[in-house]
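Descriptive analysis of the structure
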Amino acid sequence: MPLYLILGPMKSGKSLALINYFLELKKKGEAFHLYQPALNVRDQDINSRAGVSMKARKISTTRSIPIDREGVIGLDEIHMFGKEDATAINQFLSRKFKIIAAGLDKDYKGKMFPIIRDLLNLNPEKITYLTTKCEVCGKQDATYSQIYKNGTPVLKGLPAVVPDDGTFTYKPVCEECF
């Protein structure tokens, strides 16, 4: 079954795209299961900055998703899962599950998250790459997510996955402003 990825920087509409996909399944009465990482402390459900949300179960690893279920699997904030979760996702794909995953592709240093690299190696059927407005210069081609502390970009010393718990601020930025 297929793997679809929705990737891009902060505030680019990834969660909204994921929610819209599953709202269509809900309208059709099709079975699905939505998950997000326990590391996501910002939201209880999958929430779009546009104000749309859907219920999702928090999990620490994709290996905890029951394999006896039917339906499409949705994963929000995929970048917050570990590299080893790509193996579990591949096992679901081999069992004919359809998986739609959304998240950042690059960390605050501009490096691709290991799980994203591994998922890309699974040859997704579809990849949607979203951009947004750079919050520094205003160009409509932000592809990076910059982390700030007290208005200054943080360039080192943080783990690759930094939960949005209010300690830092985040801005989508273009390559030039990154």
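Residues numbered from 1 in each chain as written. Predicted model: local features only at pLDDT ≥ 70, side-chain atom pairs only at ≥ 80, totals over all residues. Heavy atoms only, no water.

1. Examining the overall build of the protein
Of the regular secondary structure elements, the protein holds three helices and eleven strands. In sequence order, the protein lays out its α and β elements as β-α-β-β-β-β-β-α-β-α-β-β-β-β. By principal-axis analysis of the C-alpha atoms, the protein measures approximately 50 × 30 × 30 Å. Considering only intrachain contacts with a sequence separation of at least 6, the fraction spanning at least 24 residues in the protein is 69%. Charge separation in the protein, taken as the distance between the mean sites of 26 positive and 20 negative side-chain charges, equals 1 Å. (Helix = DSSP H or I, 4+ residues; strand = E, 2+ residues; numbered from the N terminus. Contact = heavy atoms within 4.5 Å. Lys, Arg positive; Asp, Glu negative; His and termini not counted. Charge placed at Lys NZ, Arg CZ, Asp CG, Glu CD.)

2. What to know about the sheet that holds strand E2 (residues 32–37)
Adjacent strands of a sheet form backbone hydrogen bonds with each other and so pair up, either parallel or antiparallel. Spatial strand order, E5-E2-E6-E7-E1-E8: six strands in an open sheet with parallel pairing. The sheet is open, and its two edges are formed by strand E5 (57–59) and strand E8 (126–129), each paired on a single side. Between one strand axis and the next, the sheet turns by 20° as a mean value, whatever way the strands run. In this sheet, strand E7 (residues 99–103) lies alongside strand E1 (residues 3–7) in parallel orientation, the contact comprising five bridges. (Pairing = 2+ DSSP bridges. Axes fitted to C-alpha atoms, helices over the stretch in contact; angles between N-to-C directions.)

3. Quick word on the pairing of strand E9 (residues 144–149)
E9 sits mainly inside the fold: five of its six residues count as buried. The pairing of E9 with strand E10 (residues 152–153) spans two bridges and is antiparallel. Note that in E10 the partner of lysine 149 across the bridge is threonine 152. Connecting E9 to the next strand, E10, in antiparallel fashion are two residues, including asparagine 150 with a positive phi near 55°. (Buried < 20%, exposed > 50% of the residue type's maximum accessible area, 1.4 Å probe, protein only.)

4. Considerations on unusual backbone geometry
Of note, the phi angle at lysine 11 is positive, near 65°, even though the residue is not glycine. Here lysine 11 is to be found in the loop between E1 and helix H1 (14–28).

5. Quick look at the nonpolar core
The biggest cluster of nonpolar side chains holds 32 residues, and the ones touching the most others in it are Ile73, Leu75, Ile78, Ile99, Ile115, Leu119 and Ile147. Contributing elements (two or more residues each) for this core: E1, strand E6 (72–75), helix H2 (85–94), E7 and helix H3 (114–120). With four residues, the single largest contributor to this core is H2. Each residue touching isoleucine 73, except ones within four places of it in the same chain, is listed here: Phe22, His33, Tyr35, Ile65, Phe92, Phe97, Lys98, Ile99 and Ile100. Within the second largest apolar cluster, 14 residues are counted, among which are Tyr4, Leu25, Ala56 and Leu130. (Core = buried A, V, L, I, M, F, W, Y, C linked by side-chain atoms within 4.5 Å.)

6. What to know about the packing of aromatic side chains
Inspection of every chain in the model, using the stated rule, returns five aromatic pairs. For the pair phenylalanine 22 and phenylalanine 32, a centre-to-centre distance of 5.3 Å together with 55° between the ring planes defines the contact as tilted. Note that phenylalanine 22 is positioned in helix H1 and phenylalanine 32 in strand E2, a separation of ten residues in sequence. Judged by its relative accessible area of 0%, phenylalanine 22 falls in the buried class. Ring centres of tyrosine 144 and phenylalanine 178 lie 4.2 Å apart, and the angle between their planes is 15°; on these two criteria the pair is classed as stacked. (Phe/Tyr/Trp six-rings, centres within 6.5 Å; stacked < 30°, edge-to-face > 60°.)

7. Some details on the sheet that holds E9
On the basis of which strands lie adjacent, the open sheet formed by three strands has the order E10-E9-E11 and antiparallel pairing. Of all strands in the sheet, those with a lone pairing partner are E10 and strand E11 (169–173), marking the two edges.

8. Quick look at the side chain of threonine 143
Of note, threonine 143 is situated in the loop between E8 and E9. With residues near it in sequence (within four places) discarded, threonine 143 still touches Pro9, Asp105, Lys106, Tyr129, Thr131, Val173 and Cys174.

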